[in-house]
Amino acid sequence: DAGITQSPRHKVTETGTPVTLRCHQTENHRYMYWYRQDPGHGLRLIHYSYGVKDTDKGEVSDGYSVSRSKTEDFLLTLESATSSQTSVYFCAISDPHEQFFGPGTRLTVL
Amino acid sequence: AQSVSQHNHHVILSEAASLELGCNYSYGGTVNLFWYVQYPGQHLQLLLKYFSGDPLVKGIKGFEAEFIKSKFSFNLRKPSVQWSDTAEYFCAEGNYGQNFVFGPGTRLSVLP
């Protein structure tokens with residue numbers, strides 16, 4: 001398995017609270033991604049990063065922000081969580097041949 | 001915008017049956033295509049990929065896929081499924097350094 005970890009793995013929070021999810025890689029890859037997975041929608045890209053401090057929006061970026069201050073870490077922040085953000089969140093890294101996925105974070109917003 | 005569609009939402013087969021899962025992509029340029037599998041409770045893992053060359057691609061666990069450019073298709077096949085193939089399958093297309101676009105997934109249930 002590619003060296004990708006996500007923390008926390010599970011989180012339950014309340015509407016309106018801020019939440020930060022962390023993705024950590026040991027592969028020194030330039031490209032990192034955050035996806036959310038919801039039934040019937042597959043994976044949808046939230047944000048991605050193409051280098052330290054270089055990020056861009058994906059398909060479903062509203063309500064999310066990201067930061068990448070080091071090559072190995074890519075943080076996803078929900079500034080004020082809503083119930084519609086209940087989902088499974090996957091981080092991925094990319095080499096020229098494929099994307100590698102982390103184990104996922106299951107987030108429940110009550 | 002690029003898009004990937006998968007024809008089947010849920011496929012139910014008996015063990016030893018043959019499998020074909022449909023995938024169509026929209027991008028008309030040079031395209032890299034992938035099939036990923038997600039076993040229950042796990043993350044996505046690569047089954048196979050097509051970048052160029054032989055349009056019939058062989059992957060892990062006996063899976064294969066055929067790239068048909070004229071039909072914008074990249075269907076996944078397996079001649080004889082096993083119970084352990086029960087999972088969700090995602091078709092995707094993308095290029096290094098760009099967005100990867102995933103289809104909505106097909107859930108495969110294999111009955112013992």
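This is a predicted model, so every value here is computed, not measured. (Residues numbered from 1 in each chain as written. Chains lettered and ligands numbered in written order. Predicted model: local features only at pLDDT ≥ 70, side-chain atom pairs only at ≥ 80, totals over all residues. Heavy atoms only, no water.)

(A) Broad picture of the interface of chain B and chain A. Taken together, the 18 residues of chain B in the interface contact 21 residues of chain A. The contact between chain B and chain A buries some 1700 Å² in all, and 58% of this surface belongs to carbon and sulfur atoms. The largest share of the area that chain B buries against chain A comes from B:His43, B:Tyr96 and B:Phe102, three residues that together contribute 33% of it. Our enumeration of links across chain B and chain A arrives at zero salt bridges. Run the count over chain B and chain A and you get three residue pairs in polar contact (both at pLDDT 80 or more). Of all the elements in the fold, those that place two or more residues in the side of chain B that touches chain A are strand E5 (33–38), strand E6 (45–50) and strand E11 (100–102) of chain B. (Contact = heavy atoms within 4.5 Å. Buried area = accessible area lost by both parts, 1.4 Å probe. Salt bridge = Lys/Arg side-chain N within 4 Å of Asp/Glu carboxyl O. Polar contact = N/O pair within 3.5 Å; in protein donor to acceptor, adjacent residues only side chain to side chain. Helix = DSSP H or I, 4+ residues; strand = E, 2+ residues; numbered from the N terminus.)

(B) View of the packing of aromatic side chains. One pass over the structure, following the stated rule, counts 18 aromatic pairs over all chains. Ring plane angle 25° and centroid distance 6.0 Å describe the contact between A:Tyr33 and A:Tyr48, whose orientation is recorded as stacked. Taken together, the residues span a long stretch of sequence, with A:Tyr33 in strand E4 (residues 31–38) and A:Tyr48 in strand E5 (residues 42–51) at a distance of 15 residues. A relative accessible area of 0% means that A:Tyr33 is categorised as buried. A relative accessible area of 12% means that A:Tyr48 is categorised as buried. Between A:Phe101 and B:Phe102 the ring centres are 5.8 Å apart and the planes differ by 75°, which places this aromatic pair in the edge-to-face class. Note that A:Phe101 is positioned in strand E10 (residues 99–101) and B:Phe102 in strand E11, a pairing that runs across two chains. Both residues of the pair, A:Phe101 and B:Phe102, belong to the buried class. For B:Lys49, the ring lying beneath its charged end belongs to B:Phe51, and the centroid distance is 5.6 Å. (Phe/Tyr/Trp six-rings, centres within 6.5 Å; stacked < 30°, edge-to-face > 60°. Buried < 20%, exposed > 50% of the residue type's maximum accessible area, 1.4 Å probe, protein only. Lys NZ or Arg CZ within 6 Å of the ring centre and 35° of its normal.)

(C) Quick peek at the layout of surface pockets. The computed volume of the largest pocket comes to approximately 490 Å³. Taken together, 26 residues make up the lining of the largest pocket; nearest its centre are A:Gln37, A:Val88, A:Arg106, B:Gln38 and B:Gly41. Residue composition of the lining of the largest pocket, by class: 10 nonpolar, 11 polar and five charged. Around the second largest pocket, the lining comprises 14 residues; the ones closest to its centre are A:Leu43, A:Arg44, A:Glu59, B:Val101 and B:Phe102. Broken down by secondary-structure element, the contributors of at least two residues to the lining of the second largest pocket are E5 of chain A together with E11 of chain B. (1 Å grid on protein atoms, 1.4 Å probe; cavity = no way out; pocket = protein on both sides within 12 Å on 5 of 7 lines; lining within 4 Å. Points joined across faces, edges and corners; volume = space filled by probe spheres on them. Nonpolar A, V, L, I, M, F, W, Y, C, P; charged D, E, K, R; others polar.)

(D) Layout of the sheet that holds strand E3 (residues 19–25) of chain A. All names here are of chain A. In spatial order, the strands read E1-E3-E8-E7; together these four strands make up an open sheet with antiparallel pairing. Every interior strand has two partners, whereas the edge strands, strand E1 (4–7) and strand E7 (64–70), have only one. For this sheet, the mean angle separating the axes of adjacent strands, direction not counted, is 20°. Of the pairings in the sheet, the one linking E3 to strand E8 (residues 73–78) comprises six bridges and is antiparallel in character. For Val19, the partnering residue across the bridge sits in E8 and is Leu78. (Pairing = 2+ DSSP bridges. Axes fitted to C-alpha atoms, helices over the stretch in contact; angles between N-to-C directions.)

(E) The arrangement of the state of the cysteines in detail. Residues and elements named next belong to chain A. Inspection of the entire model under this criterion finds two disulfides over all chains. Paired by a disulfide, Cys23 and Cys91 hold their sulfur atoms 1.9 Å apart. When the S-S torsion is -70°, as for the bridge of Cys23 with Cys91, the disulfide is left-handed. Of the two residues, Cys23 is situated in strand E3 and Cys91 in strand E9 (residues 87–94); the sequence distance between them amounts to 68 residues. Each of the two residues, Cys23 as well as Cys91, counts as buried. (Disulfide = S-S within 2.5 Å.)

(F) Geometry of the side chain of B:Gln6. Residue and element names in this part refer to chain B. Structurally, the position occupied by Gln6 is in strand E1 (residues 4–6). Side-chain polar atoms of Gln6 contact the backbone oxygen of Tyr89, separated by 3.0 Å. Reaching out from Gln6, the side chain makes a polar contact with the side chain of Thr106 at a distance of 3.3 Å. Look past the residues within four positions of Gln6 in its chain and what remains in contact with it is Gly22, Trp35, Tyr89, Phe90, Cys91, Gly103, Pro104, Gly105 and Thr106.

Taken by themselves, the reported measurements are silent on function.
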